[in-house]
Amino acid sequence: MAVFFKFEADFVESLRCIPMQVRYKLDTCGIKLKLSDWSHMTQVEREALVELPCTTESEIQAYREYLENLILQRNGTPPATLFIEPHPAWTDATNVPDSLQQKAQEIGTSITPQQWANLTELQRFSLIKLSRPGHENENFPKAIAEFNLVSG
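About the thresholds
- Residues numbered from 1 in each chain as written.
- Predicted model: local features only at pLDDT ≥ 70, side-chain atom pairs only at ≥ 80, totals over all residues.
- Heavy atoms only, no water.
- Buried < 20%, exposed > 50% of the residue type's maximum accessible area, 1.4 Å probe, protein only.
- Helix = DSSP H or I, 4+ residues; strand = E, 2+ residues; numbered from the N terminus.
- Arc of directions from axis to C-beta.
- Contact = heavy atoms within 4.5 Å.
- Phe/Tyr/Trp six-rings, centres within 6.5 Å; stacked < 30°, edge-to-face > 60°.
- Lys NZ or Arg CZ within 6 Å of the ring centre and 35° of its normal.
- Core = buried A, V, L, I, M, F, W, Y, C linked by side-chain atoms within 4.5 Å.

Draft legend 1. Examining helix α4 (residues 43-51) more closely. Within α4 the residues assigned to the buried category are Glu45, Arg46, Leu49 and Val50. In an axial view of α4, the angular spread of the buried residues amounts to 145 degrees, which keeps them on one side of the axis. For α4, the secondary structure elements touched by its buried residues are α2 (20-29), α3 (35-39) and α5 (57-75).

Shown next as structure tokens:
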């Protein structure tokens, strides 16, 4: 089932941007998808990337192959690959990454270990991605609020 966050609401209907659940799958299968590649896909193809499962080894492989073929058809070149982190920070429900805490402190909040543990893996992934340097961070405060992590 597709999971969209409220902070993605301005583009979910059209899927003009890559939603977090697809970004999560990209990191899982090791494919770099540029926004320009995404924008050349049809709505049906984008929806398929949202809906296709990418959890088990066979699903991850099938997702990767589907996406590789799609990008190859659209661009004539294979996609760039990403290093697949063997133990990504978002899978560790017991340790809030320091970089994420620093970003939270910049907006006047902090994330307790209990709050972190109560988040879904997709929520933890989203917060980590939204807090990275160089990322457009306007959605970070929105995600913090949406996930009920505002202290005060």
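Draft legend 2. A look at the environment of glutamate 51. In this structure, glutamate 51 sits in helix α4. Placed 13 residues apart in sequence, glutamate 51 and tryptophan 38 show a C-alpha to C-alpha distance of 15 Å. Those residues in contact with glutamate 51 that sit more than four places away from it in its chain are Ala2 and Lys25.

Draft legend 3. Highlighting the packing of aromatic side chains. Inspection of every chain in the model, using the stated rule, returns five aromatic pairs. Between phenylalanine 5 and phenylalanine 147 the ring centres are 5.1 Å apart and the planes differ by 65 degrees, which places this aromatic pair in the edge-to-face class. Of the two residues, phenylalanine 5 sits in the segment before α1 (9-12) while phenylalanine 147 sits in the segment after α9 (139-146), which places them 142 residues apart along the sequence. Here phenylalanine 5 matches phenylalanine 147 in class, with each residue buried. Where tyrosine 24 meets phenylalanine 125, the ring centres are 5.3 Å apart and the plane angle is 85 degrees; that geometry is what we call edge-to-face. Placement of tyrosine 24 in helix α2 and of phenylalanine 125 in helix α8 (residues 121-130) is noted, with a sequence separation of 101 residues between them. Linked through ring pairs, Phe5, Phe7 and Phe147 together constitute an aromatic cluster. Seen from the ring of tryptophan 116, arginine 124 lies directly overhead, with NZ or CZ sitting 5.9 Å from the centre.

Draft legend 4. Representation of the nonpolar core in the model. Judged by nonpolar contacts, the single largest core of 20 residues is most densely connected at Leu100, Ile111, Trp116, Leu127 and Phe147. Of all the secondary-structure elements, those providing two or more residues to this core are α6 (98-106), α8 and α9. The element contributing the most residues to this core is α8, with five residues. Setting aside anything within four residues of it in sequence, one finds phenylalanine 147 in contact with Phe5, Phe7, Leu119, Gln123 and Leu127. Core analysis: the second largest hydrophobic core is formed by 17 residues, Leu33, Trp38, Cys54 and Leu70 among them.

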